[in-house]
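Residue-level structural notes
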Amino acid sequence: MQTTDTSPSSATAPRSADPERRAAHETNKLSKRLHRLVGQAINDYAMIEDGDRVMVCLSGGKDSYGLLDILLNLQQRAPIKFSLIAVNLDQKQPGFPAHILPEYLKSRGVEFHIENQDTYSVVKRVIPEGDTMCSLCSRLRRGILYRVAEELGATKIALGHHRDDFLGTVFLNMFFGGKLKGMPPKLVSDNGRHTVIRPLAYVPETDLERWAEHRQFPIIPCTLCGSQENLQRVQIKRMLREWDKQHPGRIDNMHRAFSHVVPSHLMDRALFPFETIRPTGEVNPQGDKAFDEDEEDACATPTAPALPAEASISLAALRRTATESGGG
């Protein structure tokens, strides 16, 4: 007669493997999502073309590690041929572990170049203690990297800015610069000689954090500006993270809005000829509506209690009232 083994070790053995299988499944999903989003951004904005030599700027942080890692994988399966060269700017920050990046890049078989420039001393000398260093530091880095790109024959310069960086820049410009401006996924450098690309434009920062943990990148912290907790960018990042927790999907919608801009519904006279528009008497499906149902739905608060029946006025009733009174 057959018996079923109901001992604890037998009963729990399959369950003990479940967390490992689930973790492997989630990691596989994360990998597919990252490669899909990066590939989509590259395709949408024609970031990399056949024969390109892409200079990947590697800082030692999770974002640039992730960018290089994903590009290396996409390089193997892409229908076009392009080469990669990783470049790190050693800014001579005290205690910087200069051996980590070369050792990692050699282990990956990546062509690389380490540029040694003491920008740290320049920034510390010029910027008063307590003031933010990002502006000067970024200008110095930019000039050096443009020069290096020319020397190395790079046709594209790839930066590791992700989706949350794009959003953070928009709010920084709105709050402190009075501009509706973000980070373009692709641009021509200010000297007119380089194409700069941001292949992580669609990638959430949380995905890069998980990928860095999975891949065990040897992260190098920035001791120059990364420790400045009073930076406005740090505050904006906290705000976005809090929004994402309280209102899932909000960040995705804001990011999607950058690709669905309606200049006629903003206020920039350089983008839309407000001064010269006149009614033509012809129906325009793309024209404005006095009462826009879509916008009304978008503004509704799902959790708000319904108004009493006597206080509920329908959109149709409003339109009838306006017509009877001779309004538009």
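Check the entry above for the structure.
The structure contained in this document is the topic of the report that follows. (Residues numbered from 1 in each chain as written. Predicted model: local features only at pLDDT ≥ 70, side-chain atom pairs only at ≥ 80, totals over all residues. Heavy atoms only, no water.)

1. Regarding the side chain of Lys 62
Within the secondary structure layout, Lys 62 lies in helix H2 (residues 62–77). Polar side-chain contacts of Lys 62 include one of 2.9 Å to the side chain of Glu 205. With sequence-adjacent residues up to four places away left out, Lys 62 is seen in contact with Glu 205, Leu 208, Glu 209, Ala 212 and Ile 219. (Helix = DSSP H or I, 4+ residues; strand = E, 2+ residues; numbered from the N terminus. Polar contact = N/O pair within 3.5 Å; in protein donor to acceptor, adjacent residues only side chain to side chain. Contact = heavy atoms within 4.5 Å.)

2. Observations concerning the pattern of salt bridges
By the definition in use, this model includes 21 salt bridges. The salt bridge partner of Arg 147 is Glu 115, with a shortest N-O separation of 2.7 Å. Taken together, the positions of Arg 147 in helix H5 (residues 134–152) and Glu 115 in strand E3 (residues 112–116) put the pair 32 residues apart, joining distant regions of the chain. Accessibility expressed as a relative area gives 31% for Arg 147, which makes it partly exposed. One salt-bridge network, held together by shared partners, links Lys 62, Asp 63, Glu 205, Glu 209, Lys 237 and Arg 241. (Salt bridge = Lys/Arg side-chain N within 4 Å of Asp/Glu carboxyl O. Buried < 20%, exposed > 50% of the residue type's maximum accessible area, 1.4 Å probe, protein only.)

3. Some details on the nonpolar core
One finds Val 38, Ile 48, Val 54, Val 56, Leu 68 and Leu 71 to be the most contacted residues of the largest nonpolar core, which totals 38 residues. Only helix H1 (8–44), strand E1 (53–57), H2, strand E2 (83–90), helix H3 (100–108) and helix H7 (205–215) provide two or more residues apiece to this core. With residues up to four places along the chain from it excluded, the contact list for Val 54 reads Ile 48, Phe 82, Ser 83, Leu 84, Ile 85, Lys 156, Ala 158 and Ile 197. Among the nonpolar cores identified, the runner-up in size contains 14 residues, and Cys 57, Val 148, Ala 149 and Leu 159 belong to it. (Core = buried A, V, L, I, M, F, W, Y, C linked by side-chain atoms within 4.5 Å.)

4. Points about the sheet that holds E3
Strand order in the open sheet formed by six strands is E3-E2-E1-E4-E6-E5, with mixed pairing between adjacent strands. Every other strand in the sheet has two partners, leaving E3 and strand E5 (186–188) as the edge strands with one partner each. Averaged over all pairs of adjacent strands, the angle between their axes in this sheet comes to 25°, without regard to strand direction. As paired strands, E2 and E3 are joined by five bridges and run parallel to one another. (Pairing = 2+ DSSP bridges. Axes fitted to C-alpha atoms, helices over the stretch in contact; angles between N-to-C directions.)

In short, geometric facts, not functional conclusions.
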